[in-house]
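Residue-level listing of the chains:
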Amino acid sequence: MIKKLLPAVVLPGCCLLLTLLMACSSESPREKYSFNTGWKFSLTAGEDAQFPAYDDSDWRPLDLPHDWSIEGEFSNEHPATVGGGALPGGVGWYRKTFTIEDAEKEKLFYIEFDGVYQNSQVWINGNYLGKRPYGYTSFRYELTPYLNYGNDTNNVLAVKVDNSKQPNSRWYSGSGIYRNVWLVATGKIAVDHWGSFVRSPVVNKDSALLSVRTRILNHGDNRADINLTTLVYGPGGNLLTSAIEKNIPAGDSLIIVKQELKITDPLLWSDTKPQLYRVVSEIRNGKILLDSYETLTGIRYFEFDSDRGFILNGEPVKIKGVCNHHDLGCLGAALNTRALERRLELLKEMGCNAIRTSHNPPSPELLDLCDRMGFIVMDEAFDMWKMKKTEYDYSLYWDKWHKKDLEDLVRRDRNHPSVFIWSIGNEILEQWDSTGMPIARELAGIVNELDGTRPVTAGCNDPGPHNYVIRSGALDLIGYNYHEEMFPDFPVDFPGEKFIATETTSALATRGSYDMPSDSVRRWPLRSDLPFNEGNDDLSCSSYDNCSTPWGSTHQETWSVIKKHDFLSGMFIWTGFDYLGEPTPYSWPARSSYFGILDLCGFPKDAYYFYKSEWTDEPVLHIFPHWNWTDGEEVDVWAYTNCNEVELFLNGRSLGVHRKDNYKLHLQWRVSFEPGILLAVGKKNGDEVLRMEIHTAGPASRIILTPDRHIVEAGGSDLSFITATVVDKNGIVVPHADNLITFTIEGDASIAGVDNGCQTSMESFKANSRKAFHGKCLLVLKAGNSKGSVRVTASSDTLEEASIEIRMQ
């Protein structure tokens, strides 16, 4: 067996990955191993670190995924600039030593990288395997010709990552092998990398036709005929049907087999019922199993209609989506499946049903989660083409690499039922240049040749008929970035065409900050020649939904248009979460964005409850702001609700009833502040449904710890997100508390990160303490390998400490 490797594991919180990663049969030569543990890393290695004899004894040991930039200090001097998160880049080296037994010599070995940022070069035992410049692409190399075998003979894999030339991104990219790495072993006749393509060309309520195309590689000398059997398992795990292609000549190096299978009474995938099927491809020579390869898929049918919008399985569905960058807040760009899952859980609770992978190929794990949880995905390839946006961006590699990178994206992701739209670019500068026409046609042609089952779009921030990308005729969906005032005129501007709002809103907010009067909308930055921070000394933005960029809008402004017209198929809000970098409307010392509906910690801003009241059927009543102000100060009180009416009370006195309708998206009272209790009572059809109270808080007294989960999986990757809240003696959140909170851990666990959601905080994400921001901060606890209990304690000089137990099982 292979030594110093772990078998493929399920990352906690995502049981779906089991069928994707496990070997299909104990008889099958195919095995997939996590290759994440036991690496060494250096930021100061010499140029000969690819050779096995290189002395790496003083290198730092670590496990992947890894992002070295997030470990650095914030500085305005870093070449990434604040747009890139004000964190360092550089050149990093990774090395891993492993052995393979003699008994494995008949197998083929491949190393698979889900993503390396950026300019990765890979060597095995000093032999150069290749380079991939694009930091978001997935790729693999074959190791077989260069491997050493035997328990006493080492193999050394070396990876150089060069993220030194910056700026190369308009947001925080991270640096390093920041996604998973896998070692795959197969027999000499096996399904190719991303070698299956499962489509549902015919679907109705009674039956579905599955079309399966399988690419088989033959590296063997055996020219005997082979058989391919394809088996389909239903969502409950039962075998539904199978097909066999017999006597396939095995002499060719590449064989493509097409099969069709009929499913009766199919369970359709949708955003509310994401039913999943498993397709297993088995290659045999007689009774000998040569390979077993699994593909997860879903059965659904859909269309975009110029009049009715988006139709899924025969029913109209409004796409209620968000754009997200790939960083995970204080975890940086380093992938963690539980962190992704938590984000999607929060968005799903808000009523979100769609994700745009802004503006690059996502991690495979994100799409696996979207498959399982029911998210419609716009899978995006590029943020730029040949014309650059930053000095050292992907435009440098466009001519040589764009075709390969786009082909790899489509081949990798085309079986995911969550993927509904391909985006070939975002705000491409060739919109204003005639070269945009042939490039758009080329890219759409690549996509359609490999898939052809999903529409192609692009995010156009000048979405007029003069736009060269639109004029190319390559787009199946006309993608609008912003310009909500133009949405109603779309049928006139583009008769017979189909619409998607690829990017909307760009509202700005700091959690817990409020600028009054709330009915005065601020558009920042006001002028491009003024410092971004002019006009607000604390570098905050109001959470009343009265602050946006001048090219954008408030949340209510855009949604009020989208909800009104059926032909507007849906929207992708900029953004679901705050992200590192691009701190519009400010510059340094701000270092992360203000766009999110949730902050960098995942703490909801007030707009979260606006969407929940509009996008879900769950009763919602949310009033704000906090109730700690100056006596007599005029305070605007807002309510987001889906109740028919809300009555507001201050210390038992009614301040009046306000009624909700389709055009009034929030309710507002102007109240003269006095300490006490603000009470809102929501009613539907005259009956009380909900009530919410806000109390004036006293001095900070103690800490409350609240984990998102008390039980996590041992194994070194699962997380518990623990909120530390500063409260008064009565348990009321102190809205302006900024106490420094220190965390201690007893047991086999570690601190993965700390944060507080403040866009201007320069504290390290990798510390054991954090100041509260508006009464809250976050500890991300990472499970160790051992089962048992872990005690987490939060303390502060002037506050009563708090402790909780988290169980590892």
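Cut-offs applied
Residues numbered from 1 in each chain as written. Predicted model: local features only at pLDDT ≥ 70, side-chain atom pairs only at ≥ 80, totals over all residues. Heavy atoms only, no water. Phe/Tyr/Trp six-rings, centres within 6.5 Å; stacked < 30°, edge-to-face > 60°. Helix = DSSP H or I, 4+ residues; strand = E, 2+ residues; numbered from the N terminus. Buried < 20%, exposed > 50% of the residue type's maximum accessible area, 1.4 Å probe, protein only. Lys NZ or Arg CZ within 6 Å of the ring centre and 35° of its normal. Core = buried A, V, L, I, M, F, W, Y, C linked by side-chain atoms within 4.5 Å. Pairing = 2+ DSSP bridges.

Colleague: Describe the packing of aromatic side chains, with residues and values.
Modeller: The final tally for this structure, using the stated rule, is 50 aromatic pairs. Measuring from ring centre to ring centre gives 5.7 Å for Tyr134 and Tyr136, while their planes differ by 80°; the resulting arrangement is edge-to-face. With a centroid separation of 5.7 Å and 70° between ring planes, the pair formed by Tyr480 and Phe490 is classed as edge-to-face. With Tyr480 in strand β27 (residues 478-481) and Phe490 in helix α7 (residues 490-493), this residue pair connects regions lying ten residues apart in the sequence. In this structure Phe490 comes out as buried when scored by relative accessible area, which is 1%. Through successive ring pairs, a cluster of aromatic residues spans Tyr514, Tyr544, Trp559, Phe610, Tyr611, Trp615, Phe624, Trp638 and Tyr640. One residue, Lys776, lies across the ring of Phe603, its end atom 5.4 Å from the ring centre.

Colleague: Describe in detail the nonpolar core, supporting the description with residues and values.
Modeller: Residues Leu347, Trp385 and Trp627 are the most contacted members of the largest nonpolar core, which totals 146 residues. Here this core gets seven residues from one element, more than from any other, and that element is helix α5 (residues 436-450). Counting residues in each nonpolar core, the second largest holds 29 residues, with Leu143, Leu157, Ile177 and Ala185 among its members.

Colleague: So what's going on with the environment of Lys131? Residues and values would help.
Modeller: Tracing the sequence through the fold places Lys131 in strand β8 (residues 127-132). Accessibility expressed as a relative area gives 34% for Lys131, which makes it partly exposed. The spatial distance from the C-alpha of Lys131 to the C-alpha of Arg670 is 61 Å, given a sequence separation of 539 residues.

Colleague: Mind laying out the sheet that holds strand β21 (residues 315-316), listing which residues take part and the relevant values?
Modeller: One open sheet holds the three strands; their spatial order is β19-β20-β21, and the pairing between them is antiparallel. Either end of the sheet is taken by a strand with one partner, and the two such strands are β19 (302-305) and β21.

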